[in-house]
Amino acid sequence: MFQVDIIEQCKQNNRKAQLQLYNQYCNGMYNVAKRFLKDADDAEDVVQEAFIKAFSKLHQYNAEVTFGAWLKRIVINKSIDFLKSKKQQLFELEEAHLKVVDTFEEDKWLVEDTITLNDVKRAINNLPEKYQYVVMLYLIEGYDHQEISEILNISEVASRTQLFRGKVKLQELLIHKKNGTRN
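Calculation notes
- Residues numbered from 1 in each chain as written.
- Predicted model: local features only at pLDDT ≥ 70, side-chain atom pairs only at ≥ 80, totals over all residues.
- Heavy atoms only, no water.
- Phe/Tyr/Trp six-rings, centres within 6.5 Å; stacked < 30°, edge-to-face > 60°.
- Axes fitted to C-alpha atoms, helices over the stretch in contact; angles between N-to-C directions.
- Helix = DSSP H or I, 4+ residues; strand = E, 2+ residues; numbered from the N terminus.
- Parallel < 35°, antiparallel > 145°, perpendicular 65-115°, else oblique.
- Contact = heavy atoms within 4.5 Å.
- Nonpolar A, V, L, I, M, F, W, Y, C, P; charged D, E, K, R; others polar.
- Patch = residues over 30% accessible without salt bridge, like charges linked within 9 Å, V, L, I, M, F, W, Y side chains within 5 Å.
- Areas by Shrake-Rupley, 256 points an atom, 1.4 Å probe, with all protein chains shown as cover.
- Salt bridge = Lys/Arg side-chain N within 4 Å of Asp/Glu carboxyl O.
- Lys, Arg positive; Asp, Glu negative; His and termini not counted.
- Charge placed at Lys NZ, Arg CZ, Asp CG, Glu CD.
- Buried < 20%, exposed > 50% of the residue type's maximum accessible area, 1.4 Å probe, protein only.
- Polar contact = N/O pair within 3.5 Å; in protein donor to acceptor, adjacent residues only side chain to side chain.

Caption draft 1: Focus on the packing of aromatic side chains. This structure, assessed with the given rule, holds seven aromatic pairs. An aromatic cluster is present here, built from Tyr25, Tyr61, Phe67 and Trp70 joined pairwise through their rings.

Now the structure itself:
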């Protein structure tokens, strides 16, 4: 069955099509939620809520992006909402203290060959929260600054600045790892 057919059937509340769509995306969406929430039960809850919202708002899906990208955005927003509800507030920087810091040289994400993807993910988890979400959305999820600013409700300048500062912190953590001063 084609993706468009499944979505159309889901719009008509076809439970079999909804289950098929759920089975197709649940593992990937769980992994997205888990990167934000760390707790497996919380991630499962968020994914369930995201699917409920997606199915109830499916009439708003207009195929400008893939269904997976649309659903992923819902999962990320639900994950952030969950964190906020748990009083793990996102820290916002004062706009007055921000400046644009993107340059071609500083925009490189190079690490030593000995650093693994798991090392990078652990280092991201050790970043201050105000940097962690922007770095995850940019580096792991692949969002650009405009999308990050919409998701986190911050300006693009704040997104760029938090990414730059998060990248510096991330590189520090990875250098400590390489030199054996951190695990």
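Caption draft 2: Focus on the packing of helix α5 (residues 117–125) against helix α6 (residues 129–140). Taken N-terminus to C-terminus, the directions of α5 and α6 make an angle of 150°; their axes are 9 Å apart at the nearest point. As the angle between them shows, α5 and α6 are arranged roughly antiparallel. Contacts between α5 and α6 pair Val120, Lys121, Ile124 and Asn125 from the former with Gln132, Val135, Met136, Leu139 and Ile140 from the latter. When the residues that make up the contact of α5 with α6 are grouped by side-chain class, the tally is six nonpolar, two polar and one charged.

Caption draft 3: Spotlight on a negative patch on the surface. A surface patch of like charges, here negative, comprises Asp39, Asp41, Glu44, Asp45 and Glu49. One can find Asp39 in the loop between α2 (15–37) and α3 (40–56). The exposure class assigned to Asp39 is partly exposed, which follows from its relative accessible area of 35%.

Caption draft 4: Inspection of unusual backbone geometry at higher detail. Backbone geometry places Lys38, a non-glycine residue, at a positive phi of 70°. With respect to the helices and strands, Lys38 occurs in the loop between α2 and α3. The phi torsion at Asn153 lies on the positive side, around 60°, for a residue other than glycine. Mapped onto the elements of the fold, Asn153 is located in the loop between α7 (145–152) and α8 (156–178). By relative accessible area, Asn153 is classed as exposed at 62%.

Caption draft 5: Broad picture of the environment of Tyr25. For Tyr25, the position within the fold is in helix α2. On a C-alpha basis, the gap between Tyr25 and Phe67 in space is 9.5 Å, while along the polypeptide they are 42 residues apart. Those residues within four positions of Tyr25 in sequence are excluded, and the remaining contacts are Gln3, Phe51, Phe67, Gly68 and Leu71.

Caption draft 6: Fine view of the environment of Lys16. Take Lys16: it is sitting in helix α2. The exposure class assigned to Lys16 is exposed, which follows from its relative accessible area of 70%. Separated by ten residues in sequence, Lys16 and Ile6 have C-alpha atoms that sit 9.2 Å apart.

Caption draft 7: Representation of the side chain of Asp119 in the model. As for its position among the elements, Asp119 is in helix α5. Separated by 2.7 Å, the side chains of Asp119 and Arg122 make a polar contact.

Caption draft 8: Up close: the pattern of salt bridges. This model, assessed by the stated rule, comprises five salt bridges. Between Lys11 and Glu8 there is a salt bridge; the shortest N-O distance is 3.6 Å. Taken together, the residues Lys11 and Glu8, both in helix α1 (residues 3–11) and three residues apart, mark about one turn of the helix. On the accessibility criterion, Lys11 (34% relative accessible area) is partly exposed. Relative accessible area serves as the criterion here: at 39%, Glu8 is assigned to the partly exposed category. Residue Glu150 is joined to Arg73 by a salt bridge in which the shortest nitrogen-to-oxygen separation is 3.0 Å. Of this pair, Glu150 sits in helix α7 while Arg73 is found in helix α4 (residues 67–85), placing the two residues 77 residues apart along the sequence. A cluster of three or more residues bridged by salt bridges with shared partners is formed by Arg35, Lys72 and Glu141.

It is worth stressing that arrangement in space is one thing and function is another; only the former is reported here.
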